[in-house]
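Chain and residue survey
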Amino acid sequence: VHEAIKIMETTTLFDAGKGAVVNEKSEAEMDASIMIGTDRKAGCVAGIKRIKHPISLAKAVLEKTPHVMIAGEGADKLGEKEGLEVVTKGYFSEEPRYWELLEKNELGGLKGTVGAVAIDIYGVISAGTSTGGTLKKMQGRIGDSPIIGAGTYADNN
């Protein structure tokens, strides 16, 4: 799940990672979540701006902290501390003209949130989601994608 979503976050074809849509301030603010079905543990991030792969940061929350969700600057700082790749603002698709054309449906329509579900060889179900949210959203808006039970859920029972 993690690796599949990382691949989708590397392209501008989807509203995740590099292709994340921008908020009202023309900034990418991304959300992601990941969940393991055996123990229903999860990691989520919201409103991150500098980590290349939001799903990797969600995984770090799951594996390296006692928390379920971290948001904003604190999440970006955790990513840096854990050695995740940090990118500059110019990495994301933040060119205003691009978003104007996309919004007018002149580039084939709006892009979508990404997600994946997998079952490993041991029968463990995992699920994850990554998104840039809604085009021109209010700065700081958090949608359903990083919310366990709304945007992502996995349960082996």
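Residues numbered from 1 in each chain as written. Predicted model: local features only at pLDDT ≥ 70, side-chain atom pairs only at ≥ 80, totals over all residues. Heavy atoms only, no water.

1. Thoughts on the sheet that holds strand β5 (residues 125-131)
- Spatially, the five strands line up as an open sheet ordered β3-β2-β1-β5-β4, and their pairing is mixed. Taken across any chain shown, the strands that pair with only one partner, and hence form the sheet edges, are β3 (69-71) and β4 (114-119). Pairs of neighbouring strands in the sheet enclose a mean axial angle of 5 degrees, with direction left out of account.
- Bridge count for strand β1 (residues 30-36) against strand β2 (residues 41-48) is six bridges, and the pairing is antiparallel. Looking at β2, one finds that Met-30 is bridged to Ile-48.
- Strands in contact with helix α2 (residues 54-64) are β1, β2, β3 and β5; relative to β2, the strand with the most contacts, it is inclined by about 135 degrees. (Pairing = 2+ DSSP bridges. Helix = DSSP H or I, 4+ residues; strand = E, 2+ residues; numbered from the N terminus. Axes fitted to C-alpha atoms, helices over the stretch in contact; angles between N-to-C directions. Contact = heavy atoms within 4.5 Å.)

2. Here's the deal with the pairing of β2
- In terms of burial, β2 is largely enclosed, as seven of its eight residues are buried.
- In sequence, β1 turns back onto β2 through a hairpin of four residues, with Arg-40 there showing a positive phi of about 55 degrees.
- Of the strand pairs in this sheet, β2 and β3 are connected by three bridges, and their pairing is parallel. In the sheet register, Val-45 faces β3, and the bridge partner there is Ile-70.
- Since β2 and β3 lie parallel, the crossover through α2 that links them has a hand, and here it is left-handed. (Buried < 20%, exposed > 50% of the residue type's maximum accessible area, 1.4 Å probe, protein only. Right-handed = clockwise from strand over helix to strand, strands pointing away.)

3. A few points about the packing of aromatic side chains
- Summed over the entire model, instances satisfying the criterion amount to one aromatic pair.
- Summarising the aromatic geometry, the rings of Tyr-91 and Phe-92 are spaced 5.2 Å apart at their centres and angled 85 degrees between planes, so their arrangement reads as edge-to-face.
- Overall, the relative accessible area of 18% leaves Tyr-91 in the buried class.
- Among the residues examined, Phe-92 registers a relative accessible area of 3% and is labelled buried.
- Positioned above the aromatic ring of Tyr-91 is the side chain of Lys-18, whose terminal nitrogen or guanidinium carbon lies 4.3 Å from the ring centre. (Phe/Tyr/Trp six-rings, centres within 6.5 Å; stacked < 30°, edge-to-face > 60°. Lys NZ or Arg CZ within 6 Å of the ring centre and 35° of its normal.)

Keep in mind these numbers describe shape, not what the thing actually does.
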